[in-house]
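# Observations on the model geometry
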Amino acid sequence: MIVDTLDQLTNYTSLHPRFRQALEFLESRDLASLQVGKYEIDGKEIHAAVSEKQGVPAEAAKFEAHDRY
């Protein structure tokens with residue numbers, strides 16, 4: 001997991017061959033205007049998910065983890 005800001009993302013593109021495609025998607029979109037949903041970048045191999053949920057206070061937050069992706 002990478003914990004950083006989007007403006008630092010170019011520092012990580014060498015870590016995985018698909019990071020470049022993900023970065024290009026993020027740079028080519030107005031992220032604030034994306035509707036809730038799933039956006040395929042490279043079929044099902046790379047996708048972005050936009051969701052709208054009620055957050056929790058910072059002191060109650062935990063790192064998110066996944067068994068897949």
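Above this text you will find the structure in question.
These lines cover the structure that appears in this document, whether it is placed above or below. All values reported here derive from a predicted model rather than from experimental measurement. (Residues numbered from 1 in each chain as written. Predicted model: local features only at pLDDT ≥ 70, side-chain atom pairs only at ≥ 80, totals over all residues. Heavy atoms only, no water.)

## Structural notes on a nonpolar patch on the surface
This is how the line gets drawn: Residues enter a patch when their relative accessible area is above 30% and they make no salt bridge; the linking distance is 9 Å between like charges and 5 Å between nonpolar side chains (Val, Leu, Ile, Met, Phe, Trp, Tyr). The Shrake-Rupley method, run with a 1.4 Å probe, gives the accessible areas here. Residue values count only the displayed protein chains as cover. Salt bridge, as used here: a side-chain nitrogen of Lys or Arg that lies within 4 Å of a carboxyl oxygen of Asp or Glu. A run of H or I in DSSP counts as a helix once it spans at least four residues, and a run of E counts as a strand once it spans at least two, with each numbered from the N terminus. With a 1.4 Å probe rolled over the protein chains alone, any residue whose accessible area is under 20% of its type maximum counts as buried; one over 50% counts as exposed, and the rest are partly exposed.
Residues Met1, Val3 and Phe63 make up a contiguous nonpolar surface patch of roughly 420 Å² in combined accessible area. Tracing the backbone through its elements, the reader meets Phe63 in the segment after strand 2 (46-50). We classify Phe63 as exposed; its relative accessible area is 66%.

## Notes on the environment of Arg18
Counted only if it meets this: The contact definition used throughout considers only heavy atoms, calling two residues in contact when any of these lie within 4.5 Å. What qualifies as a polar contact is a pair of N or O atoms within 3.5 Å, subject to a donor-acceptor requirement within protein and to the restriction that residues adjacent in sequence count only when both atoms come from side chains.
For Arg18, the location among the structural elements is in the segment before helix 1 (19-27). Once the C-alpha coordinates of Arg18 and Ile46 are considered, the two residues, 28 residues apart in sequence, prove to be 7.6 Å apart. Not counting chain neighbours up to four residues away, the residues in contact with Arg18 comprise Glu45 and Ile46. A distance of 3.2 Å separates polar atoms of two side chains, one belonging to Arg18 and the other to Glu45.

## As for the packing of aromatic side chains
So the rule is basically this: The pairing test for Phe, Tyr and Trp rings, Trp by its six-membered ring, is centres within 6.5 Å, and the orientation test on the planes gives stacked under 30 degrees, edge-to-face over 60, and tilted for anything in between.
Overall, the coordinates contain one aromatic pair when judged by the stated rule. Note on Phe25 and Tyr39: the rings are 6.2 Å apart at their centroids and 45 degrees apart in plane angle, and the pair reads as tilted. Of the two residues, Phe25 sits in helix 1 while Tyr39 sits in strand 1 (residues 37-42), which places them 14 residues apart along the sequence. Take Phe25: its relative accessible area is 6%, and that puts it in the buried class. Judged by its relative accessible area of 22%, Tyr39 falls in the partly exposed class.

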